[in-house]
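Chain residues, written in single-letter form:
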Amino acid sequence: MDSIDENRLNIIMPFFSGTGNTEKIANIMKQKLTELNVNIETYNITSYDTRLESIDVDKYDGVIFGFPIYSMRAPRVCRQWIEKLDGRGKKCFVFFTYGGFGKQPAHYYIKKLLNEHDFKLLGTAEFLGAHTFNYGGWQAVESRPNQSDYTVAEDFCDIIYNKLMSNNECEVNQFDKPMFSEEQLDGFEKYRFKAVSQLPSREGESCSMCGLCEELCPTKAMDSVNGVADKDKCILCLRCIANCPEQVLRINDLSKTWNVKLQMHNTTKEEIDSLESRIFV
Ligand SMILES: Cc1cc2nc3c(=O)[nH]c(=O)nc-3n(C[C@H](O)[C@H](O)[C@H](O)COP(=O)(O)O)c2cc1C
Ligand code: SF4
Ligand code: SF4
């Protein structure tokens, strides 16, 4: 981590990104905050080892967390990492990337969790990001995030900067209690494993045995020698598939479930693709 400059606003931005959408937003925000003369440190918690470490929030004026939405909440591994933090009343912000479905519980439950760990949540944002399951044949917001999302990310930085500079203590308070309890959401989390009947596994003969899939796996689920994921450890982030240089890793074909997904949410591809990124303060 970089050294701290006492004369500038110091912010740390821990983020998790399986397939790179959240990292793209984190990079845009880092660039914008740097232009605002903020000392901004990113802390990528995607790898297993980085999540073994905690952060000392006392060193910073604020924290910006960045997560993808998994089954309507921040990923379980990220929630478990937050549980190890002591917020000490620190002001924080959260941004999510998501594939166009069921984002409201994520905002509500992350506020609950952060408050339980003594953080003050001053604002959240949601950005569209190509759905991870597009790797299996879905077609949700395929070209996002795009420039329109990056512009909202820059606006979010202006808000963060102004709130921290003006010593604004006002927490974001506009999220209604979701229709799903946390126990119900735990159930949905298990359901996605039924939809994906084949965990990432190798197909064909072209594997170069580079070991990258095992090295990058956030939960140590992938065995690059056997070319299969451990079902008890895999969180279906598809990081291994996204990064395999030979493109020989696959999940089962999900294209048939795409229309079912749209019907379940009573929506259309056009409606999903036209969603816009949003800020909540
Ligand atoms: C296991 C899993 C569950 C997901 N659940 C949701 C969801 O409930 N709603 C949604 O809109 N997108 C969902 N997504 C899609 C991701 O939120 C989206 O693609 C995100 O931008 C991925 O970020 P990343 O590229 O930084 O990993 C899910 C993705 C995964 C892997
Ligand atoms: S990343 Fe791809 S090429 Fe490399 S070991 Fe894994 S499956 Fe083989
Ligand atoms: S094996 Fe599972 S947890 Fe590991 S990178 Fe692949 S999809 Fe993610």
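Quantities reported herein were computed from a predicted structural model and do not represent experimental measurements.

Glancing now at the overall build of the chain. Looking only at helices and strands, one finds nine helices and 10 strands in the chain. Taken over C-alpha atoms, the radius of gyration comes to 19 Å for the chain, in line with the 19 Å a tight globule of 281 residues would show. Overall, the chain is about 55 × 40 × 35 Å in size when its C-alpha atoms are taken along their principal axes. Of all 281 residues assigned to the chain, the portion counted as buried reaches 51%. Counted over contacts in the chain with a minimum sequence separation of 6, partners at least 24 positions apart contribute 81%. Carbon and sulfur atoms form 46% of the exposed surface of the chain, whose accessible area is close to 13,500 Å². Between the averaged position of the 33 positive side-chain charges in the chain and that of its 41 negative side-chain charges there is a distance of 4 Å.

Turning our attention to helix H1 (residues 21-35). The terminal C-alpha atoms of H1, which comprises 15 residues, lie 22 Å apart, in line with the 21 Å expected from a rise of 1.5 Å per residue. Every buried residue belonging to H1 is among Asn21, Thr22, Ile25, Ala26, Ile28, Met29, Lys32 and Leu33, and all of these are buried. All buried residues of H1 fall inside an arc of 165° around its axis, so they share one side. Where the residues of H1 are buried, they touch strand S1 (10-15), strand S2 (39-44), strand S3 (62-68), strand S4 (90-98), strand S5 (119-128) and helix H4 (147-165).

Here we come to the site of ligand 3. As a matter of local geometry, ligand 3 sits amid 14 residues, with Cys217, Cys234, Cys237, Leu238 and Cys240 nearest to it. Looking at side-chain class alone, the shell around ligand 3 contains 12 nonpolar, one polar and one charged residues.

Turning our eyes to something else, we now look at the sheet that holds strand S10 (residues 278-280). Overall, mixed pairing links the six strands, which are arranged S2-S1-S3-S4-S5-S10 in an open sheet. Lying at the two open borders of the sheet, with one neighbouring strand each, are S2 and S10. Across the sheet, the axes of successive neighbouring strands diverge by a mean angle of 15°, strand direction being ignored. Contacts from helix H2 (residues 76-83) reach S1, S2 and S3 within the one sheet, and its direction differs from that of S3 by about 160°. This element, H4, spans S1, S3, S4, S5 and S10 of the sheet and lies at about 170° to S5.

With that settled, consider the domain arrangement of the chain. Once the domains are mapped, the chain shows domain 1 (10-179 + 274-280) and domain 2 (182-266). The C-alpha centroid of domain 2 is placed 23 Å from the C-alpha centroid of domain 1. At the junction of the two partners, domain 1 supplies 30 residues and domain 2 supplies 29 residues. Looking at the side of domain 1 facing domain 2, the largest losses of area belong to Phe101, Phe133 and Trp138, adding up to 23% of the total buried there.

How each quantity is defined
Residues numbered from 1 in each chain as written. Chains lettered and ligands numbered in written order. Predicted model: local features only at pLDDT ≥ 70, side-chain atom pairs only at ≥ 80, totals over all residues. Heavy atoms only, no water. Helix = DSSP H or I, 4+ residues; strand = E, 2+ residues; numbered from the N terminus. Rg over C-alpha atoms; globule rule 2.2 N^0.38 Å. Buried < 20%, exposed > 50% of the residue type's maximum accessible area, 1.4 Å probe, protein only. Contact = heavy atoms within 4.5 Å. Areas by Shrake-Rupley, 256 points an atom, 1.4 Å probe, with all protein chains shown as cover. Lys, Arg positive; Asp, Glu negative; His and termini not counted. Charge placed at Lys NZ, Arg CZ, Asp CG, Glu CD. Expected span 1.5 Å × (residues − 1). Arc of directions from axis to C-beta. Near = heavy atom within 4 Å. Nonpolar A, V, L, I, M, F, W, Y, C, P; charged D, E, K, R; others polar. Pairing = 2+ DSSP bridges. Axes fitted to C-alpha atoms, helices over the stretch in contact; angles between N-to-C directions. Domains from an automatic or database assignment. Buried area = accessible area lost by both parts, 1.4 Å probe.

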